[in-house]
Amino acid sequence: MHVAVYSTRRYDREFLERANAAGRHRLDFLEARLEARTVPAAGAAEAVCAFVNDRLDAEVLGLLQARGVKLVVLRSAGFNHVDLAAAAALGLAVGRVPAYSPHAVAEHTVALVLALNRKIHKAYARVREGNFALDGLLGFDLVGRTLGVIGTGQIGTAFARIMAGFGCRLLAHAPVVEPACMALGARYVPLPELLAASDVVSLHCPLTPDTRHLIDADALAQMKRGAMLVNTSRGAVVDTPAVIRALKSGQLGSLGLDVYEEEGDLFFRDLSAEVLRDDVFARLLTFPNVVVTGHQGFFTGEALTAIAATTIDNLDCFVAEGRPRHAVSVERVV
Ligand code: NAI
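Sequence order as written defines residue numbering, which begins from 1 separately in each chain. Totals for whole chains, interfaces and linings use every residue, but because this is a predicted model, local features are given only for residues with pLDDT of at least 70 and side-chain atom pairs only at 80 or more, for both listing and counting. Based on all heavy atoms of the structure, the side-chain values leave hydrogens and waters out of the count.

A. Spotlight on empty space enclosed by the protein. For cavity detection a 1 Å grid was placed over the protein atoms alone, and a set of points counts as a cavity when a 1.4 Å probe fits there but cannot get out; an open set counts as a pocket when protein lies on both sides within 12 Å along at least five of seven lines, with lining residues being those that have an atom within 4 Å of a point. Grid points are joined across faces, edges and corners, and a volume is the space filled by probe spheres set on the points. Evaluation of the coordinates by the stated rule reveals one cavity of 30 Å³ or more. There is about 90 Å³ of room inside the largest cavity. Lining the largest cavity are Y11, D12, F15, L16, F51, R75, F298, L304, I307 and A308. By the criteria applied, helices consist of DSSP H or I runs no shorter than four residues and strands consist of E runs no shorter than two, each listed in order from the N terminus. Residue assignment for the lining of the largest cavity shows that the elements contributing at least two residues are α1 (10–19) and α12 (301–321). It is α1 that provides the largest number of residues to the lining of the largest cavity, a total of four residues. Polar here means any residue outside two lists: the nonpolar Ala, Val, Leu, Ile, Met, Phe, Trp, Tyr, Cys and Pro, and the charged Asp, Glu, Lys and Arg; Gly therefore counts as polar. Partitioning the lining of the largest cavity into residue classes produces eight nonpolar, no polar and two charged.

Structure below.
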C-alpha cells in the first residue's frame, strides 16, 4: 500500500523501515502533524499512519477520504483522538496497535514515582553544581505505603506488579476487575476510597467521556494531603488548572506527568529556542515538586519494534482481507 506516515521522527522512520524491509508498502515519511492544512501532503496515498497528537476529526477524515484514503493506521493503542463515527460514515477503516510494551509505560511510571519521591531531578542538578547538601531531598520509604491504581488493564497491572515488589499496599479502581491484579493482592475499591487512602495515585485508564477530568478539584480535595499524583495515561484525564491550585495549597504533595492536555502543541518537537506560549504548562514547570516528561512512556526499543511490526501487519491484513488486523470501530475494538 502507499502510506503517508504523519508526525514522523527519525526513530519512527528507522523502526518502520526495518519492519517493512520486504518492501511490500511504500511509506512516505512526513514530519508534519496531520491536520486539515497538511492533508494535501498525503499525495496519492491510500492509507495514512498517524500518532497520538495527529488530528483525526470529522473534517480531516472527510478530506482524506475525498483524496482516496481508505485506511488509517494508528501507531498507538489509544484512539481517543479519532472520530470513529465519522470514520464509519465515510467508510474508512481504522487500525491500531493494541499492545506493544505495557512494561515500557509501567516502568516509566515507576521512574516518575522514584524521581519525585527521592527528588532525583533536584539532586542531579545540585551535585553538578557542587552542592552536596541534603536539605529538601527528604523522601519516604515506599514499603508499606498505599498505592492507588486507576485503570488496571495491561499497563496498570504491569505497574502494580512492580510496585508490589516494593512492598506497597495496592488499591485499584476500574470498571472491570483484572484477576492478575487481584492476584497481586490489590483490593478493588470505589474511587473516593482509593483517593482518600492512597499515598501515591497513578492513572492508567483510557481517555473517554467518563474519565475526562476524572482528577478535578473535587477529586484532589478527596486525596490524602501531600499525596503524589502520577499521570502517564492521557493529559485530559487530569484538570491541570485544578492540579496547579492543589499544588499551590500543598494539598497535592507532588506531581509526575508524561502527558498533558494541550501537549499537541508542544511534545515531540525541539522548541528550546522558542518562547513557551502555554501559561498553564509554564506554571507547572515552576514547581520543584513536579516532574514532566514529554510523552516518552512508550519510548523503548522493544515498544518501537512492536509498534512498527503491528503497523505493517495491519497494512498487510488490509491488503489481504480488506480490514486491519486490529480494527477499531464505533461498535468494536479488536
Ligand atoms: P487497557 O485497555 O489495557 O486498560 C485500560 C484500563 O482502564 C482497564 O482496566 C479499564 O477497565 C480501565 N478503565 C476504563 N474506564 C475507566 C474508568 N472510567 N475509570 C477507571 N478505569 C477505567 O489499556 P492500557 O494498554 O493499559 O493503556 C492505558 C492507557 O495508557 C491508554 O489508554 C493510553 O491512554 C495510555 N498510554 C500511554 C502511553 C505513554 O507513552 N505515556 C503509551 C501507551 C498507552
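B. Representation of the packing of α1 against α12 in the model. Fitted lines through C-alpha atoms give the axes, limited to the stretch in contact for helices. The angle between two N-to-C directions lies from 0 to 180 degrees. At their nearest, the axes of α1 and α12 sit 8 Å apart, and the two run at 55° to each other. When the axes of α1 and α12 are compared, the pair comes out oblique. As for how α1 packs across α12, the hand of that crossing is right-handed. Residues Y11, F15, L16 and A19 of α1 touch α12, and the partners they reach there are G301, L304, T305, A308, A309, T311 and I312. An angle counts as roughly parallel when it lies under 35 degrees, as roughly antiparallel when it exceeds 145, as roughly perpendicular when it falls between 65 and 115, and as oblique in every other case. Working rule for handedness: look at the near helix, and if it is turned counterclockwise from the far one by less than a right angle, call the crossing left-handed; if clockwise, right-handed. Contacts are assigned to residue pairs with any non-hydrogen atoms lying within 4.5 Å of each other.

C. Here's a closer look at the sheet that holds strand β1 (residues 2–5). Ordered in space as β2-β1-β3-β4-β5, the five strands form an open sheet in which the pairing is parallel. One side of each edge strand has no neighbouring strand; the edge strands of this open sheet are β2 (26–29) and β5 (93–95). Within this sheet the neighbouring strands show an average axis-to-axis angle of 20°, counted without direction. Whether two strands pair comes down to DSSP finding at least two bridges between them. Bridging between strand β4 (residues 71–74) and β5 involves three bridges; their strand directions are parallel. Residue V73 lies in a different strand from β5, and its bridge partner there is G95.

D. Spatial organisation of the pairing of β2. When a residue's accessible area, from a 1.4 Å probe over protein chains only, is under 20% of the maximum for its type it is buried; when over 50% it is exposed; and in between it is partly exposed. Only one face of β2 is covered, namely the one carrying L27 and F29; the face carrying R26 and D28 has none of its residues buried. Looking at chain direction, β1 and β2 are connected through four bridges and run parallel. Bridged to V3 within β2 is L27. Handedness of the β1-α1-β2 crossover: right-handed. With strands facing away from the observer, any crossover in which the path from the first strand over the helix to the second runs clockwise is taken as right-handed.

E. The arrangement of the site of the ligand in detail. Close to the ligand lie 23 residues; Y100, G153, Q154, I155 and D258 are nearest. Whenever a nitrogen or oxygen atom comes within 3.5 Å of another N or O atom, the pair is scored as a polar contact, on the condition that within protein one atom can donate a hydrogen and the other can accept it, and that pairs from neighbouring residues in sequence are kept only if both atoms are in side chains. Between a nitrogen atom of the ligand and a main-chain N or O atom of T232, the distance comes to 3.0 Å. Within the side chain of D258, one N or O atom sits 3.0 Å away from a nitrogen atom of the ligand. Every accessible area reported is derived by Shrake-Rupley at a probe size of 1.4 Å, with residue values counting cover from the shown protein chains alone. The fraction of the free accessible surface of the ligand (860 Å²) that becomes covered by protein chains is 83%. Taken together, the residues that form the shell around the ligand break down as nine nonpolar, eleven polar and three charged. Residues are labelled near a given molecule or strand when at least one of their non-hydrogen atoms is within 4 Å of it.

F. View of the sheet that holds strand β6 (residues 146–150). Overall, parallel pairing links the seven strands, which are arranged β8-β7-β6-β9-β10-β11-β12 in an open sheet. At either end of the open sheet lies a strand with only one pairing partner, and these are β8 (187–188) and β12 (290–292). Pairing of strand β9 (residues 200–203) with strand β10 (residues 227–231), which is carried by four bridges, proceeds in the parallel orientation. Its bridge partner lying in β10, V201 is registered against L229. Contacting β6, β7 (169–173) and β9, helix α6 (residues 154–165) runs over the sheet at an angle of about 170° to β6. Across the sheet, helix α10 (residues 240–249) touches β10, β11 (252–257) and β12, and the angle it forms with β11 is around 140°.

G. Region of the structure containing the pattern of salt bridges. What makes a salt bridge here is a side-chain nitrogen of Lys or Arg within 4 Å of a carboxyl oxygen of Asp or Glu, nothing more. Taken as a whole and assessed by the stated rule, the structure comprises 13 salt bridges. Of the charged contacts, one joins R10 and E14 as a salt bridge, the two residues approaching to 3.4 Å between their closest N and O atoms. In this pair, R10 and E14 both sit in helix α1, four residues apart, roughly one turn of the helix. With relative accessibility at 34%, the residue E14 sits in the partly exposed group. Residue D199 is joined to K224 by a salt bridge in which the shortest nitrogen-to-oxygen separation is 2.8 Å. Placement of D199 in the loop between α8 (191–197) and β9 and of K224 in the loop between α9 (217–222) and β10 is noted, with a sequence separation of 25 residues between them. The exposure class assigned to D199 is buried, which follows from its relative accessible area of 12%. Each of R10, E14 and R18 takes part in one network of salt bridges that share partners.

H. Broad picture of the nonpolar core. Side-chain atoms within 4.5 Å link the members of a nonpolar core, which is a set of buried Ala, Val, Leu, Ile, Met, Phe, Trp, Tyr and Cys residues. I215, L220, L229, L252 and L255 are the most contacted members of the largest nonpolar core, which totals 34 residues. Among the elements that line this core, the one with the most residues is α10, at five residues. In this structure, L229 is in contact with V201, L203, I215, L220, M223, V238, V243, L252, S254, L255 and G256, ignoring residues within four places of it in sequence.

I. Structural context of the layout of surface pockets. Estimated volume of the second largest pocket: approximately 290 Å³. Lining the second largest pocket are 14 residues; nearest its centre among them are D265, L266, L271, V275 and L276. Grouping the constituent residues of the lining of the second largest pocket by class yields six nonpolar, one polar and seven charged.

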